Amino acid sequence: MRHYFKALLIICLAVITLSCSEKPVKTESNISIIPKPASIQIQPGEFEISTAMKILYQGSDDIVDIPAFLNQKFQTAAGFQLKVEAVENNEIPENSIVLELGSCPDSLGMEGYLLKVDKTGIRINAIAASGLFYGLQTLRQMLPAEIESPALVENVNWTVPFVEITDKPRFGWRGMLLDCCRHFMEKDFVLRYIDLLAYHKMNRLHWHLTEDQGWRIEIKQFPTLTEIGAWRTEEDGSRYGGFYTQDEIREVVAYAKSRFIEVVPEIELPGHSLAALAAFPELSCTGGPFEVGNQWGVFKDIYCAGNDKSFEFLEKVYDEIFDLFPFEYVHIGGDEAPKYRWENCDKCQKRIKDEGLKNEHELQSYFITRMEKYINANGRKLIGWDEILEGGLAPSATVQSWRGFEGAKEAAEQGHDAIVSPTSHAYFDYSIETTDLKQVYSFEPVPTGLDKEHQKHIIGGECNMWTERAPQEEIDDRMFPRLLAMSEVLWTDKGQRDYSDFHARVQDHYNRLDFLGVKYGFESMAVSVISEYDPASRSYTVQLISGQKGFDLFYTLDGSEPTIHSTKYEAPINIDKSTELNAIAAKGEDGPIKTINQKFTIHKAMGKKVELEFPFSPNYDGSSPNALVDGLCGTENFRDGKWQGFQGNDLVAVIDLGEPAEFSKVTLSCLQSMPSWILMPTEITVLSSADGVEFTELASLAPNVDQKRSDKFIMEFPIEFLKTSSRFIKVIAKNVGTNPDWHDAAGSASWLFADEIVVE
Ligand code: ACM
Ligand code: ZN
């Protein structure tokens, strides 16, 4: 009887053991590492980390902090630390985690690593400490997601699949810009971002520290810079601001260094300098006085280039910058410096004459080159935005291209290094409607048409987190999940990139971000509206797609605000008359998230051919040549892809109805966003023609709109006339032409934004 019992027990144990070992084997597709490593080979089995194990490091004391980094994770999430020991060669016992410098191919570079997990343990090899650190980040992503927990988690097997990984980055410069000027970010928040960057193998924090709206770094020689420049008076009279003391700056730089992130300070010149001029008005062309900016945009008042004191001041500021930031690069800005003041300043004009310069662009080049000499003399290198190309590039400058890829291409062709961060893919202050996850993932930093010989000058890219519209608590939503795409673009070889594979890994990665407390946003518009127009039935088939998994969609078709009690979206909707669709995404009782509004019109010009006398800007193309008559109206987000934008030019559109048709009303819709230089038209005229050559005016209208109104708004301009029958309709909307004198960007070409010409 007792033997029988014992035999039964053995069988039971065998069954239990068997079922334990039948855990699903990890396959490449369910190891979700972001950014994706160059090569992964998975073997069946897994290695379990337990309290008795040691972390052994070999090679150098430089790497002593790396085991501590892993131990900190274990201590918090698992409640134990592994013993850390330095070992000599050939002394490696089994059942340990080994970090080893050397004994790997040179081709891995300073940031590459080999990571091997088998039954004997975990081994990371690299040429440099940075490679070991990145191997460790990969290891973190192979451990159970609970390793990221901020509190102890019970009952977790700390296992890692058997695997062999060889990995190295595609680009050496993998950055994120954080603007702490428009909104101030607490020091601890910056440290948290450094952790999040390091986790995704990003290695540069481009710290934007001075702006029109705030000077955020203590400069010992000029205490007024922060006494005055760090604080602004908001429109409601409240005070807003803050700055980092030099001790705090040093702490951030050291923290970043320990995570293999170099901090690149950006101290702007000659423009975006109003906060400094508020403290030192004598450095401007007019002498001021000035207030620290409390509006967003570009300001005319910049450092006077004719005054040597401007340079003396900036050199003294940079002396302290060199002392605080040990990295070889500093960023001088150089973007968006209007030349208006320089054109009207005797000192600046004298400088142009004395230096034999052609114009104010060459004066800007003089400014940058003079600063570059100082920066180089102090053993540092200069980076500037792509405007520094205008008027001639300073001899050894690195260009950061933001207004597209052209600046990077031009710089590289001139033999200069370039960092690529175009508004089209890398501006994470832009809404997800404008730049969604897929768009970021499609970013290819090497400009098309750049020959092979010069491609080596493209040293990498950055994502830019400007904060006009993003206080600290909204940064996560803007940065994630888009940062994941950027990290893979900059780390992983182009040939290895595959959006659907990446997207699947992102879904797994959310679990880790949840443990890290990241409040990530949507992958695309909360609700995307995909519509197809059928001319035969004169109706749309409309599909709604959620921008994040786990959300339900609800909608209304009568213009009312939807709630979670409105019609739930289950299947495509048929729309056969002009309709205002509103939709929301909601998760359970949470939400609703953001209402999406889409107006559908059904009118006589829909789908007809449109010819434009002046082309629309390629950046605002309405997504189709006949966007003006596609029945889909643009929204208040002028980057929603529905608007056609015309800079400096009028809208002159000729619609060919194909055959004569009767109509008595034409309605043009336009958008204004004055701070973005988009103004309503000054006059709209409708004409008709039988042959498309001779046109007769039907009616015109002079809109009466407040050009100074600074919010974004859409206006419909209905123009009615006696019923007419014609084949061709011409609509002319007059652009203001240049921004008026009162505008911060006075004299620059203004925009006209148009969408939908409704013909009834
Ligand atoms: C920039 O976005 N002005 C560089
Ligand atoms: Zn001047």
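It should be emphasised that the depicted structure is a prediction, and the values quoted were computed from it without experimental measurement. (Residues numbered from 1 in each chain as written. Chains lettered and ligands numbered in written order. Predicted model: local features only at pLDDT ≥ 70, side-chain atom pairs only at ≥ 80, totals over all residues. Heavy atoms only, no water.)

Student: Where do I start with the overall build of the protein chain in this structure?
Tutor: Along the protein chain, the regular secondary structure elements total 18 helices and 33 strands. Taken against the 2.2 N^0.38 rule, which gives 27 Å for 760 residues, the C-alpha radius of gyration of the protein chain at 30 Å falls within 12% of a compact globule. Along the longest, intermediate and shortest principal axes, the C-alpha atoms of the protein chain span 105 × 75 × 55 Å. When each of the 760 residues of the protein chain is scored for burial, the buried share is 55%. Considering only contacts within the protein chain whose residues lie at least 6 apart along the sequence, 72% involve residues at least 24 apart. (Helix = DSSP H or I, 4+ residues; strand = E, 2+ residues; numbered from the N terminus. Rg over C-alpha atoms; globule rule 2.2 N^0.38 Å. Buried < 20%, exposed > 50% of the residue type's maximum accessible area, 1.4 Å probe, protein only. Contact = heavy atoms within 4.5 Å.)

Student: Teacher, can you tell me more about the coordination of the zinc ion (ligand 2) here?
Tutor: Ideal geometry at a metal centre: 109.5 degrees between donors when four sit tetrahedrally, and 90 or 180 degrees when six sit octahedrally. Those protein atoms acting as donors to the zinc ion (ligand 2) are Cys285 (SG), Cys304 (SG), Cys345 (SG) and Cys348 (SG), and they sit at 2.2 to 2.4 Å. Coordination at the zinc ion (ligand 2) is tetrahedral, judged from the four donor atoms that bind it and the angles of 105 to 115 degrees they form at the metal. We note that the donor set of the zinc ion (ligand 2) lies within a single chain, spaced as C-x18-C-x40-C-x2-C. In this pair, the class of Cys345 matches that of Cys348, namely buried. (Donors = N, O, S within 2.8 Å, 3.2 Å for Na, K, Ca; no water. Tetrahedral: all angles 85-135°; square planar, octahedral: opposite > 155°, others 65-115°.)

Student: Sorry, what's going on with the pattern of salt bridges here?
Tutor: Proximity of charged atoms lets side chains of opposite charge pair with each other. Here the structure, examined in full by the defined rule, presents 38 salt bridges. Here Lys734 and Asp650 are joined by a salt bridge, their closest N and O atoms 2.9 Å apart. Here Lys734 is found in the loop between β32 (713–733) and β33 (751–759), whereas its partner Asp650 is found in the loop between β28 (644–647) and β29 (651–672), with 84 residues between them in sequence. What emerges from the salt-bridge pattern is a single network uniting Lys36, Glu488, Asp501 and Arg505. (Salt bridge = Lys/Arg side-chain N within 4 Å of Asp/Glu carboxyl O.)

Student: Can you walk me through the pairing of strand β5 (residues 113–118) in this structure?
Tutor: Consecutive residues of a regular strand have side chains that alternate between opposite faces of the sheet. Where burial is concerned, the two faces of β5 differ: the one with Tyr113, Leu115 and Val117 is buried and the one with Leu114, Lys116 and Asp118 is not. Two elements, β5 and strand β7 (residues 159–167), share five bridges in a ladder whose sense is antiparallel. Residue Leu115 lies in a different strand from β7, and its bridge partner there is Ile165. Sheet analysis places β5 next to strand β6 (residues 121–126), joined by five bridges and oriented antiparallel. (Pairing = 2+ DSSP bridges.)

Student: Where do I start with the sheet that holds strand β18 (residues 418–420) in this structure?
Tutor: Through backbone hydrogen bonds, the strands of a sheet pair up, either in parallel or in antiparallel fashion. The strand order β8-β9-β14-β15-β16-β17-β18-β19 describes a closed barrel built from eight strands, whose pairing is parallel. Across the sheet, the mean angle from the axis of one strand to that of its neighbour is 30 degrees, orientation sign disregarded. Two strands pair when backbone bridges link them, and strand β8 (residues 173–179) and strand β19 (residues 458–465) are joined in this way by six bridges, in the parallel orientation. Bridging from a neighbouring strand, Arg174 pairs with Gly461 of β19. Sheet strands in contact with helix α4 (residues 187–199) are β8 and β9 (204–208), and its direction is about 150 degrees off that of β9. (Axes fitted to C-alpha atoms, helices over the stretch in contact; angles between N-to-C directions.)

Student: Explanation requested: the packing of aromatic side chains in the structure shown.
Tutor: Remark: the centre distance and the inter-plane angle together describe each pair of aromatic rings, the angle taken between the planes. Enumeration according to the criterion identifies 41 aromatic pairs in this entry. Summarising the aromatic geometry, the rings of Tyr193 and Phe480 are spaced 6.4 Å apart at their centres and angled 40 degrees between planes, so their arrangement reads as tilted. Here the residue Tyr193 occupies a position in helix α4, and Phe480 occupies one in the loop between α16 (475–479) and α17 (482–491), the gap between them amounting to 287 residues. Comparing Tyr193 with Phe480, the two get one shared label, buried. Seen from their ring centres, Trp402 and Tyr427 are 6.1 Å apart, and the 20 degrees between their planes marks the pair as stacked. Here the residue Trp402 occupies a position in the loop between β17 (398–401) and α12 (406–413), and Tyr427 occupies one in the loop between α13 (423–426) and α14 (437–441), the gap between them amounting to 25 residues. Trp402 sits in the buried class, given a relative accessible area of 14%. (Phe/Tyr/Trp six-rings, centres within 6.5 Å; stacked < 30°, edge-to-face > 60°.)

Student: What's the story with the confidence of the model for the protein chain in this structure? I'm lost.
Tutor: One rule of thumb: low pLDDT means the predicted coordinates there are not for detailed reading. Mean pLDDT over the protein chain: 92, with 95% of residues reaching 70 or higher. Below pLDDT 50 for its whole length, residues 1–24 participates in two contacts with residues either more than four positions away or in separate chains. (pLDDT = per-residue confidence, 0-100.)

Student: Can you help me understand the sheet that holds strand β4 (residues 96–101) in this one?
Tutor: Taken in spatial order, the seven strands make up an open sheet running β1-β7-β5-β6-β4-β2-β3, and their pairing is mixed. Where the open sheet ends on each side, the last strands, each with one partner, are β1 (39–48) and β3 (83–86). The average angle at which neighbouring strand axes cross in this sheet is 20 degrees, direction not considered.

Student: How do you make sense of unusual backbone geometry when you look at a structure like this?
Tutor: Excluding glycine, residues mostly have negative phi values, and the peptide bonds linking residues are mostly trans. At the junction of Ile34 and Pro35, the peptide bond is cis and its omega measures out at 0 degrees in the coordinates. For Pro35, the position within the fold is in the loop between α1 (2–21) and β1. With phi around 65 degrees, Lys201 is a residue other than glycine that occupies positive phi space. For Lys201, the location among the structural elements is in the loop between α4 and β9. Here Glu756, not a glycine, exhibits a phi torsion of approximately 70 degrees, which is positive. Mapped onto the elements of the fold, Glu756 is located in strand β33.

Student: So what exactly am I meant to see when it comes to the environment of Gly622 here?
Tutor: Here Gly622 shows up in the loop between β27 (609–612) and β28. Dropping the residues within four chain positions of it, Gly622 is found in contact with Ala627, Gly641, Lys642, Trp643 and Gln644.

Student: Just checking my understanding: could you explain the packing of helix α2 (residues 65–78) against helix α3 (residues 129–142) for this structure?
Tutor: Two packed helices can be described by the angle between their axes and the distance between those axes. At a minimum axis distance of 10 Å, the contact between α2 and α3 shows a crossing angle of 20 degrees. Taken together, the axes of α2 and α3 lie roughly parallel to each other. When you trace α2 past α3, the crossing you get is right-handed. Residues Ile66, Phe69, Leu70 and Lys73 of α2 form the contact with α3, whose own contacting residues are Ala129, Leu132, Phe133, Leu136, Gln137, Leu139 and Arg140. (Parallel < 35°, antiparallel > 145°, perpendicular 65-115°, else oblique. Left-handed = near helix turned anticlockwise from the far one by under 90°.)

Student: Got a minute to help me understand the pairing of strand β31 (residues 696–701) in this structure?
Tutor: By the bridge criterion, five bridges tie strand β30 (residues 684–689) to β31 in an arrangement that is antiparallel. Bridging across to β31, Val686 finds its partner in Ala699. Between β30 and β31, which pair antiparallel in sequence order, lie six residues; one of them, Gly692, sits at a positive phi of approximately 80 degrees.

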